[in-house]
Amino acid sequence: MTDPHAKSATPPSPHALDTPNRASRAEIWALIRPFWVSEEKWKAWALLLSIIALNLGMVYINVRLNSWNRDMYDVLQSRDYAQFKALLWQFSWLAFIFVAIAIYSVYLKQALQIRWRYWMSQRYLDRWLAHRAYYRIEQGQQGRLSDNPDQRIAEDLQALTSSTLSLVLGFISSSVTLFSFIHILWAVSGPLTFSALGQSWVIPGYMVWFVIAYAVVGSGLVWWIGRPLVGLSFHQERFEANFRFGLIRVREHAEAVALYRGEPQEHAQLTARLDDIRRNWWEIMRLTKMLNVAVNFYGQFAVIFPMLVSAPRYFSGAISLGVLMQISNAFGQVQDALSWFINAFTTLASWKASINRLAGFNADVERAAGMPRHIDVAPHAGSAVTLQGLQLSFPDGAPMMHALDARVESGEHVLISGPSGCGKSTLMRAMADIWPYGQGRIQLPQDAPAMFLPQRSYLPIGTLRAALSYPAAEGSFDDALITRYLGLCRLAHLADRLDVAANWSHALSPGEQQRLAFVRVFLNRPRLVFLDEASSAMDGQTEEVLYAALPRELPGVTVISIAHRETLARFHDVRWHFVAPGEGEGGGHRVEMAPV
Ligand SMILES: Nc1ncnc2c1ncn2[C@@H]1O[C@H](COP(=O)(O)OP(=O)(O)OP(=O)(O)O)[C@@H](O)[C@H]1O
């Protein structure tokens, strides 16, 4: 059995960028809204409003610093030492408040972000694990349903929460900055008068128009050059995930790869994945280089541009040095704020992509949860397991098993046999209510807890005690009881390792893992036990010991087992044998019943 990380990962598709699900406004709202009206809402709103207040405080300090800038240069020009000292003090406390606000605005934003992400992730985990959506999404629906639920839950929720906050907070502070500094710029820049076409022209607040033109043209150019980077970085993430997944596969199947001497194959497929990363990375590098040319020229020129355009007024004596510096500073603020709006499109694009993928994931979970169940599995008051007109089909609707009517009395032991691939495990999946294809009715006794043992049991990574107790929580059983059953299942040598944490699916042999699964049965004491070749890796003698122990340790237990070894027949009362359909006879395998 594999590590849970590897289990949850499906091979990431390089086409994951193709997000056919375009989230509607209602879906976007449905994704964003719940947290803000949940039980967490008071803290969330308090944090958000505090952050907004801090951001507005920062804009205010920037406005104060802008006037300070003007005063400082004027004082320097007039060589007024007393005023110079006063301004230095003023700067000190302004800077102190600014630093404090800057630190706490980031800190509170991060706090809000983790609260929101945690809350959303919990909700998504609930939905993914409920109604066995996690299983149905993987089962038979590949290609149609969205890939990588693990990435949706881990990465997209993180991206959604952080990008939404950045966009909202950025929008508010950039709007306020823009409003405040355009106001200042308009007030201090004065009119530009010039002659053209034999006429005299006056442009009021001309710096405002210059900064708008500069930011729109400059940031627009930067955005236009950098636009393909959004897609490329998404691809990069996929390729990285693909590569990581390949490495995990080798790690998880290390023994099989080693026995097959599959290293050259593995090397080739890992190199192919690495090549994808490299190819995409070169594209990213090429674009980043072009982008850096634009960004650096734009940034550097922004330092002298406002001076250049206000120089005529300064040299004509219309404005002081302080005002020149104030214009330059206000120009920078307005330009930054405008650039934010232009660059926000990039963040918006990735935010929208995350939204689309999450909306797709939600739709898949809903579809999986609401998948029509033609096989009705229901509890009933009786003590028998009954199958009424149970037919099994393949996912495409082709018949797998003929209609079956059967009854398993409490305490009865049924052996299911038949050729490989005929549908034995599927019959058990149907009884476990995880196979939706087919029709008919299955009734299980309502007060009889059931336990299904597959050929390879799932062993959680953790202590041996936790693995033995699963699905019950660690600590549910006495050590003395665990030790007794370890002895019964011929695992006494593990008794002193109950507290050892390990990846037990790697540490134990397949036969030991199957014996461990039997310990679980004895500890959890179900009334119904389904064994799907659950002892196939054991030696015949141990297998018989464990089959014999079942009714002795769990008196009255009902056992339905699939097994290939004839020696096990004597532990059963009835045999259900799958018989292949004859020539020209459709409808899948027939099940014949006979006493053993
Ligand atoms: N998720 C699935 N999608 C499509 N076909 C499936 C799926 N699961 C099982 N099958 C098919 O259903 C058939 C029955 O499978 P099942 O696992 O029940 O066989 P089995 O009788 O238990 O075989 P074995 O003895 O080898 O374990 C097989 O042909 C298998 O390929």
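What counts, and at which threshold
Every chain begins its residue count from 1, and numbering advances along the sequence as written. At least 70 in pLDDT is required for a residue's local features to be given in this predicted model, at least 80 for side-chain atom pairs to be given and counted, and no such filter applies to totals for whole chains, interfaces and linings, which use all residues. Strands are runs of DSSP state E lasting at least 2 residues, helices are runs of H or I lasting at least 4, and numbering of each runs from the N terminus. Placing C-beta atoms from the backbone, we regard two residues as in contact once those atoms come within 7 Å. UniProt positions are given in the numbering used here, feature names are shortened, and annotations may be inferred rather than shown by experiment. Between the first and last residue of a helix there are one fewer steps than residues, each counted as 1.5 Å, and that sum is the expected span. Residue burial here comes from a neighbour count, namely the number of other C-beta atoms, placed from the backbone, that lie within 10 Å of the residue's own C-beta, with 20 or more meaning buried, 12 or fewer meaning exposed, and in between meaning partly exposed. For the purposes of this analysis, a nonpolar core is taken to be any set of buried Ala, Val, Leu, Ile, Met, Phe, Trp, Tyr and Cys residues that are connected through C-beta atoms within 7 Å. Along the chain, pLDDT gives the predictor's confidence residue by residue, from 0 to 100. Pairing between two strands requires that DSSP report at least two bridges joining them. To obtain an axis, a line is fitted to C-alpha atoms, over the contacting stretch when the element is a helix, and the angle between two such axes runs from 0 to 180 degrees between their N-to-C directions. Residue ranges assigned to each domain were obtained from an automatic or database domain assignment.

## Things to note about the overall build of the protein chain
Looking only at helices and strands, the protein chain has 17 helices and 14 strands in total. With respect to the three principal axes, the spread of C-alpha positions in the protein chain is 110 × 60 × 50 Å. For the protein chain, the share of sequence-separated contacts (at least 6 apart) that also reach a separation of at least 24 residues comes to 78%.

## What to know about the UniProt feature "transmembrane region" (unreviewed entry) in the protein chain
In this numbering, the UniProt entry assigns the feature "transmembrane region" (unreviewed entry) to residues 44–63, 87–107, 165–186, 206–226 and 287–308. End C-alpha atoms of residues 87–107 are separated by 30 Å, and the span's content is 100% helix alongside 0% strand.

## What about helix α4 (residues 81–129)?
The end-to-end C-alpha distance of α4, which contains 49 residues, comes to 71 Å, matching closely the 72 Å that a straight helix rising 1.5 Å per residue would cover. Within the sequence span of α4, burial applies to Ser105, Leu112, Trp116, Met120, Tyr124 and Trp128. Against α2 (25–36), α3 (41–78), α5 (133–138), α6 (149–189) and α11 (321–369) lie the buried residues of α4. A positive phi of about 50° marks histidine 131, the residue just after α4.

## Things to note about the environment of arginine 70
Structurally, arginine 70 is set in helix α3. Each C-alpha atom, one on arginine 70 and one on glutamine 541, is 93 Å from the other, the two residues being 471 residues apart in sequence. Residues within four places of arginine 70 in sequence aside, it is in contact with Gly322, Val323, Met325 and Gln326.

## Overview of the nonpolar core
In this structure, Ala430, Ala467 and Val519 are the most contacted members of the largest nonpolar core, which totals 56 residues. Sort the elements by how many residues they give to this core and helix α16 (residues 510–524) lands first, with 6 residues. Beyond its immediate chain neighbours, meaning those up to four positions away, alanine 467 contacts Leu459, Pro460, Gly462, Trp504 and Leu516. Counting residues in each nonpolar core, the second largest holds 23 residues, with Tyr206, Val323, Met325 and Phe331 among its members.

## Overview of the confidence of the model for the protein chain
For the protein chain, per-residue confidence averages 88 on the pLDDT scale, and residues scoring 70 or more make up 95% of the total. Predicted confidence is poor over residues 1–20, with pLDDT under 50, and the contacts of this stretch with residues over four places away or in other chains come to 44 contacts.

## Re the environment of alanine 256
By the secondary structure assignment, alanine 256 is in helix α9 (residues 254–260). According to the C-beta neighbour criterion, alanine 256 is exposed, with 10 such atoms within 10 Å. Residues alanine 256 and methionine 400, 144 residues apart in the sequence, show an inter-C-alpha distance of 32 Å.

## As for the sheet that holds strand β6 (residues 413–417)
One open sheet accounts for 6 strands, arranged β8-β11-β12-β6-β13-β14; its pairing is mixed. Here the strands that pair on one side only, and so sit at the sheet edges, are β8 (450–453) and β14 (590–595). On average, each strand axis in the sheet is inclined to that of its neighbour by 15°, with strand direction left out of account. Bridge count for β6 against strand β12 (residues 558–562) is 4 bridges, and the pairing is parallel. Residue histidine 413 lies in a different strand from β12, and its bridge partner there is valine 559. Sheet contacts for helix α12 (residues 424–431): β6, β8, β11 (528–532), β12 and β13 (574–579); angle to β11, the most-contacted strand, approximately 150°.

## Re the pairing of β12
On a regular strand, one side chain projects to one face of the sheet and the next to the other, so that they alternate. A large share of β12 lies buried, amounting to 5 of its 5 residues. The side-chain alternation of β12 yields two buried faces, one formed by Thr558, Ile560 and Ile562 and the other by Val559 and Ser561. Where β11 meets β12, 5 bridges bridge the pair, whose relative direction is parallel. If you follow phenylalanine 530 over to β12, its bridge partner there is isoleucine 560.

## Topic: the domain arrangement of the protein chain
For the protein chain, the assigned domains are domain 1 (25–370) and domain 2 (375–595). If you average the C-alpha positions of domain 1 and of domain 2, the two centres end up 54 Å apart.

## Notes on the sheet that holds strand β7 (residues 438–445)
Pairing is mixed across the open sheet formed by 4 strands, whose spatial order is β3-β7-β4-β5. The open sheet has two free edges, formed respectively by β3 (375–380) and β5 (399–408), since each of these has just one partner strand. Recorded for the sheet is a direction-independent mean angle of 15° between the axes of neighbouring strands. Two elements, strand β4 (residues 385–393) and β5, share 6 bridges in a ladder whose sense is antiparallel. Residue leucine 387 lies in a different strand from β5, and its bridge partner there is alanine 406. Each of β3, β4, β5 and β7 touches α12; the most contacted strand, β4, lies at about 125° to it.

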